[in-house]
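# Descriptive structure summary
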Amino acid sequence: MKILYFAWVRERIGLEAEEIALPEGVSTVADLAAFLKSRGEGYAHAFGNPRVVRAALDRRHARPDTPLGAAREIAFFPPMTGG
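Right, let's get into the nonpolar core. Core analysis: the largest hydrophobic core is formed by 22 residues, its most contacted members being Tyr5, Leu32, Phe47, Ile74 and Phe76. At the level of secondary structure, the elements contributing two or more residues to this core comprise strand S1 (2–5), helix H1 (7–13), helix H2 (29–37), helix H3 (41–46), strand S3 (54–57) and strand S5 (73–77). Ranked by the residues each element gives to this core, the list is headed by H2, at four residues. If near-sequence neighbours (up to four positions away) are discounted, Ile74 is found in contact with Met1, Lys2, Ile3, Leu4, Val29, Leu32, Ala55, Ala56, Leu57 and Leu68.

The phi dihedral of Asp58 is positive, around 45°, even though this residue is not glycine. Relative to the helices and strands, Asp58 resides in the loop between S3 and strand S4 (60–62). Despite not being glycine, Arg59 has its phi angle at roughly 70°, a positive value. Looking at the element boundaries, Arg59 is found in the loop between S3 and S4. On the basis of relative accessibility, which here comes to 72%, the residue Arg59 falls in the exposed class.

So, about the layout of surface pockets. The calculated volume of the largest pocket comes to roughly 280 Å³. If you trace the largest pocket, you find 16 residues lining it, with Val29, Ala33, Pro50, Val53 and Pro64 closest to the centre. Those elements giving two or more residues to the lining of the largest pocket turn out to be H2, S3 and S4.

Time to look at the sheet that holds S1. Spatially, five strands are ordered S2-S1-S5-S3-S4 in an open sheet, and the strand pairing comes out mixed. Bordering the open sheet on either side are strand S2 (17–19) and S4, each of which pairs with just one other strand. Shown here is a sheet whose adjacent strand axes are inclined to one another by a mean of 25°, direction ignored. The pairing of S1 with S2 spans three bridges and is classified as antiparallel. Pairing of Leu4 across the sheet is with Ala17, part of S2. Strand contacts of H2: S1, S3, S4 and S5, with the helix running at about 70° to S5, the strand carrying the most contacts.

Moving on, we come to H2. Taken as a whole, H2 has its buried residues at Val29, Leu32, Ala33 and Leu36. The arc that holds every buried residue of H2, seen down its axis, measures 100°, which confines them to one face. Tucked into the core, H2 has its buried residues touching S1, H3, S3, S4 and S5.

The rules we used
- Residues numbered from 1 in each chain as written.
- Predicted model: local features only at pLDDT ≥ 70, side-chain atom pairs only at ≥ 80, totals over all residues.
- Heavy atoms only, no water.
- Core = buried A, V, L, I, M, F, W, Y, C linked by side-chain atoms within 4.5 Å.
- Buried < 20%, exposed > 50% of the residue type's maximum accessible area, 1.4 Å probe, protein only.
- Helix = DSSP H or I, 4+ residues; strand = E, 2+ residues; numbered from the N terminus.
- Contact = heavy atoms within 4.5 Å.
- 1 Å grid on protein atoms, 1.4 Å probe; cavity = no way out; pocket = protein on both sides within 12 Å on 5 of 7 lines; lining within 4 Å.
- Points joined across faces, edges and corners; volume = space filled by probe spheres on them.
- Pairing = 2+ DSSP bridges.
- Axes fitted to C-alpha atoms, helices over the stretch in contact; angles between N-to-C directions.
- Arc of directions from axis to C-beta.

Right, dumping it as structure tokens:
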């Protein structure tokens, strides 16, 4: 699965994107965020408070309980504001 990181999520992790094979037991957006959080200090910092990280599966906003299913891409980003 291709994972994209935006804004401060990208800055904390130090990557714009990466490809990973989903580990067994990772089936939802929340599962993936928890798995990523365990991959090191930058990931732990980026996903330390899962309530402030948003996700999109194949360019559609997704809730934490959304199944990953056959999605090819997931993006993680902070909440957006406008003005």
